[in-house]
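Descriptive structure summary
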Amino acid sequence: MKNKKLNASRIWKHFEDFLVPRLRLSITDRAVYSHLLRHSRLEGKARLRFSIAWLARGARLSTNPARWAVRRLIAHGALRLVERSKAGHLVEVRLPDEIRATRHKMIRRRGARPLPRCLDFEQDFLKTRALRHAIHVRERGRCFYCLRRLAPMIRCLDHVVPRVSFGSNSYRNLVSCCLQCNSQKRDRPAGDFLRSLYRERRLTDAELTARLRALDALASGKLPPPVPGRARLQPCR
Ligand SMILES: [Zn+2]
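A short tour of the structure in this document, coming up. Everything numeric here is computed off the predicted structure, so don't read it as measured data.

A closer look at the pattern of salt bridges
By the definition in use, this model includes 13 salt bridges. Linking Glu83 and Arg49 is a salt bridge whose minimum nitrogen-to-oxygen distance equals 3.2 Å. Here Glu83, found in strand β2 (residues 79–85), pairs with Arg49, found in strand β1 (residues 47–50); they are 34 residues apart in sequence, far enough to count as distant. Salt-bridge contacts for Glu200 lead to Arg202; the nearest nitrogen and oxygen are separated by 3.4 Å. Taken together, the shared-partner salt bridges in this structure form one network comprising Arg38, Glu43 and Lys45.

Brief notes about the layout of surface pockets
Its boundaries defined by the atoms lining it, the largest pocket holds a volume of some 1,300 Å³. Lining the largest pocket we find 39 residues, and of these Ile27, Thr28, Leu61, Leu157 and Asn182 sit closest to its centre. Sorting the residues of the lining of the largest pocket by element identifies α1 (8–23), α2 (27–38), α4 (63–76), α6 (129–138), β5 (155–159) and α7 (179–185) as the ones contributing at least two each. For the lining of the largest pocket, the per-class residue count stands at 17 nonpolar, 9 polar and 13 charged.

Some words on helix α9 (residues 205–219)
A rise of 1.5 Å per residue sets the reference length of α9, with its 15 residues, at 21 Å; its end C-alpha atoms lie 22 Å apart and thus fit the reference within 8%. Within the span of α9, buried status applies to Leu208, Arg211, Ala214, Leu215, Ala217 and Leu218. Buried positions along α9 lie against α6, β6 (174–178) and α8 (190–199).

Some remarks on the coordination of the zinc ion
For the zinc ion, the protein coordination sphere consists of Cys143 (SG), Cys146 (SG), Cys178 (SG) and Cys181 (SG), at 2.3 Å. Around the zinc ion sit 4 donor atoms; with metal-centred angles ranging over 102 to 117°, the donor geometry is tetrahedral.

Overview of the pairing of β6
In terms of burial, β6 is largely enclosed, as 5 of its 5 residues are buried. Of the two faces of β6, the one holding Leu174, Ser176 and Cys178 and the one holding Val175 and Cys177 are both buried throughout. With 5 bridges joining them, β5 and β6 adopt antiparallel strand pairing. Residue pairing in the sheet places Asp158 in a bridge with Val175 of β6.

The rules we used
Numbering of residues starts from 1 in each chain and follows the order in which that chain's sequence is written. Thresholds applied to this predicted model are a pLDDT of at least 70 for local features of residues and 80 or more for the giving and counting of side-chain atom pairs; totals over whole chains, interfaces and linings are not thresholded and use all residues. Where side-chain values are given, they derive from all heavy atoms of the structure, hydrogens and water being excluded. Only one rule defines a salt bridge in this text: a Lys or Arg side-chain nitrogen within 4 Å of an Asp or Glu carboxyl oxygen. In this text, helices come from DSSP runs of H or I with a minimum length of four residues, and strands from runs of E with a minimum of two, each type numbered from the N-terminal end. The method works on a 1 Å grid over the protein atoms by themselves. A cavity is a set of points holding a 1.4 Å probe that cannot get out, a pocket is an open set with protein on both sides within 12 Å along at least five of seven lines, and residues with an atom within 4 Å of a point line them. Grid points are joined across faces, edges and corners, and a volume is the space filled by probe spheres set on the points. Under this grouping Gly is polar, as are all residues other than the nonpolar Ala, Val, Leu, Ile, Met, Phe, Trp, Tyr, Cys and Pro and the charged Asp, Glu, Lys and Arg. Helices are assigned an expected span. That span is 1.5 Å times one less than the residue count. Only protein chains enter the accessibility calculation, which uses a 1.4 Å probe. A residue is then buried if its area is under 20% of the maximum for its type, exposed if over 50%, and partly exposed in between. By definition in these notes, contact holds between two residues if any of their heavy atoms fall within 4.5 Å. With water omitted from the atoms examined, metal sites may look incomplete; donors here are N, O and S atoms no farther than 2.8 Å from the metal, or 3.2 Å in the case of Na, K and Ca. Here the metal geometry follows the donor angles, with tetrahedral for four donors whose angles all fall between 85 and 135 degrees, square planar for four and octahedral for six when opposite donors are more than 155 degrees apart and every other angle is between 65 and 115, and irregular for all the rest. Two strands make a pair as long as DSSP finds a minimum of two bridges between them.

Shown next, in the form of structure tokens:
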């Protein structure tokens, strides 16, 4: 990994157009990778030592999502873990075109792992690809908020009650939505955000009512993610 003169614009295009869709990186993964790349390769350093607290602060995330994103990026081969100690993580940050092309096959196989039949209500639905995918499937390819049709590349998962307000990663608090709604909602209550979509005429009167009902149904656990070819997931007893 030589520190030749890098073309940042080329790297960023490669990242957005190739790496993000190929590895299906989430918003969090993208924020973490961008932050690490900016502080390593773009500054001429192949390796970077950092603490999760530093990373979370810089990428404006809570510590656990930042930690999980680092794990996922290591699994994808976007980062190579050189050392982990009390002093933090020492990683090599790979450029998008340095990540081996064969990786996506492994990731797809992992993604095919079946879901458990019985699910804990408060289970972390960001933990595995299969669980994250189940949330997208539940929304049937539409943004939970604005109802726009979603392509896999422009969809993400959103916390209805934001992490900063101690919202959980359970299926009662995660929805599949478009990138635009994800960035516009920020830390606002979901009901207020839906009303703002109505004011902007992105939702009709009837759609707003239906969305507010869906929000209540979600919070009360009435929208468990469906699993293809199986009965609906049941909470563990
Ligand atoms: Zn949307």
